[in-house]
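A look at the structure
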Amino acid sequence: MKTVVNSWNEWDPLKHVIVGVADGCCIPPSEPASEAKIPADSDMLGMHGPRTQDSVDKANAQLDAFAEIMRKRGIVVDRPTPIDFSKPIATPDWENGSSFGCMPPRDVILTVGSEMLEATMSYRSRWFEYLCYRPLLSRYYDEDSNMRMESAPKPRLNDASFKSGYLSENITIQARLAMVADKNFVTTEVEPLFDAADVLRFGRDLFVQHGFTTNLKGIDWLRRHYRDHRVHALNFPGDPYPIHIDATFTPLRPGLILNNPERALPNDQQGIFKKNGWEIVEAARPAHNQPPPLCYSSVWLSMNVLVLDPKTVCVEASEVHTIDQIDKLGMEVIPVPFRDAYPFGGALHCATTDVYREGRCEDYFPHQ
Ligand code: DAV
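This section reports on the structure supplied with the text. Given the structure is predicted, the values throughout are model-derived calculations rather than measurements.

Taken together, the neighbourhood of the ligand is formed by Ile243, His244, Asp246, Ala247, Arg263, Ser297, Ser298, Leu301 and Cys350. With respect to the ligand, the side chain of histidine 244 contributes an N or O atom lying 3.0 Å from a nitrogen atom. Here a nitrogen atom of the ligand sits 3.0 Å away from a polar atom, N or O, in the side chain of aspartate 246. In isolation the ligand exposes 280 Å². Once the protein is present, 96% of that is buried.

Quick look at the structure:
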């Protein structure tokens, strides 16, 4: 099949996708951005270095099986090329003990229409991650004369980009939630910062979470970049660690979104959805009380599903409540075992990024 880059939303029929790989993934040393994220009781606190080969092999087995499920359905699947993540990295401003990995392409590459954009990223350990996707993006560029290969301005990520002492040692969860409700996040506004996984694509409208990994200047940059789109900032004040929108707000098909009940979209931000007839449904509880060991993400990865088309959704196989809910919403569920891959950067939405979905740029929100 001839490569064409084209994807305008999260639900049109998927025909070509990138699935990450777990090879060489490291737990990076602490840095200003991650200090704000790792909870004081986390098993990751103070840890760094390469993950065990056994855990990498188990994650890769599930990633490969997920890729195979999609290939069997006629979807073209490409894989990134890891770099040496264990190598210390530096810019003129800072040094960091290692990189992270390339399991979650969704975090790094944002496909909108025929353009694939490398996000600025907001962690030092993820500064060079785009290099893992360059072989693919360069090939798409050669094969599709309409494809636009873009990179957002590389951020400096020096100390001015982060609030010093953002996280005091014994901060309570209540105090943290108050900070988040106040939109007091770890990053400053000296430069545009965004991770691609803070952006959801709804045709002409892009919804972007303002939180730890995306600042207002990052959202403004996206607004100026996507001139034919309407770019909206969203906040979910119930999340003590607002990192990426895709375990919080999950569109399943035109008119239907799952919202994390612990991170409800405030009423004053629901207007645009209500005015345009979109239903926001409370997501079912996760099936697990804890994420797997050495995992950055919360149990709400249950919501991090991959929509293959408006009638078909890939859901993690043990997430029985989510499976039941989506089934009752009238969609076919494909169960995909994936918990061994979670510690490497997320679930099924995180682990993929779109190259081609059928369809065009539609206006789902004519009433603004
Ligand atoms: O709930 O921990 C995970 C999102 C990963 N892309 C969470 C957010």
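Attention shifts here to the sheet that holds strand E4 (residues 76-78). The strand order E4-E1-E19 describes an open sheet built from three strands, whose pairing is mixed. Only two strands of the sheet have a single neighbouring strand rather than two, namely E4 and strand E19 (352-357). This sheet shows a mean twist of 20 degrees between the axes of neighbouring strands, independent of strand direction. As defined by bridge partners, strand E1 (residues 14-19) adjoins E19 across five bridges and the pair is classed as antiparallel. Opposite histidine 16, over in E19, you have tyrosine 356 as the bridge partner.

What follows concerns the sheet that holds strand E11 (residues 205-209). Read from one edge of the open sheet, three strands run E10-E11-E12, paired in mixed fashion. Since the sheet does not close on itself, it has two edges, and those belong to strand E10 (199-202) and strand E12 (230-234), each with one partner. Taken over all neighbouring pairs, the strand axes of this sheet differ in orientation by 20 degrees on average, direction set aside. As paired elements, E11 and E12 share five bridges and run parallel to each other. Within the sheet, the bridge partner assigned to glutamine 209 lies in E12 and is leucine 234. Contacts between helix H5 (residues 216-225) and the sheet are confined to E10, E11 and E12, with E12 contributing the most and set at about 165 degrees to the helix.

Let us now look at the environment of glutamate 68. Structurally, glutamate 68 can be placed in helix H2 (residues 53-72). Placed twelve residues apart in sequence, glutamate 68 and proline 80 show a C-alpha to C-alpha distance of 16 Å.

A few words now on the layout of surface pockets. Space left empty within the atom packing is revealed by a probe, the size of a water molecule, rolled over the atoms. Volume-wise, the second largest pocket comes out at about 280 Å³. In this structure, the second largest pocket is lined by 16 residues; those nearest its centre are Arg51, Ser55, Pro293, Leu294 and Pro343. At the level of elements, strand E3 (49-50) and H2 are the ones that each hand at least two residues to the lining of the second largest pocket. Its residues placed into classes, the lining of the second largest pocket shows eight nonpolar, four polar and four charged.

A separate point is unusual backbone geometry. Residue lysine 183 is not a glycine yet carries a positive backbone phi of 55 degrees. With respect to the helices and strands, lysine 183 occurs in the loop between helix H4 (173-181) and E10. Among the residues examined, lysine 183 registers a relative accessible area of 46% and is labelled partly exposed. Even without a glycine there, the phi angle at leucine 294 is positive, about 55 degrees.

Cut-off values and rules
Residues numbered from 1 in each chain as written. Predicted model: local features only at pLDDT ≥ 70, side-chain atom pairs only at ≥ 80, totals over all residues. Heavy atoms only, no water. Near = heavy atom within 4 Å. Polar contact = N/O pair within 3.5 Å; in protein donor to acceptor, adjacent residues only side chain to side chain. Areas by Shrake-Rupley, 256 points an atom, 1.4 Å probe, with all protein chains shown as cover. Pairing = 2+ DSSP bridges. Helix = DSSP H or I, 4+ residues; strand = E, 2+ residues; numbered from the N terminus. Axes fitted to C-alpha atoms, helices over the stretch in contact; angles between N-to-C directions. Contact = heavy atoms within 4.5 Å. 1 Å grid on protein atoms, 1.4 Å probe; cavity = no way out; pocket = protein on both sides within 12 Å on 5 of 7 lines; lining within 4 Å. Points joined across faces, edges and corners; volume = space filled by probe spheres on them. Nonpolar A, V, L, I, M, F, W, Y, C, P; charged D, E, K, R; others polar. Buried < 20%, exposed > 50% of the residue type's maximum accessible area, 1.4 Å probe, protein only.

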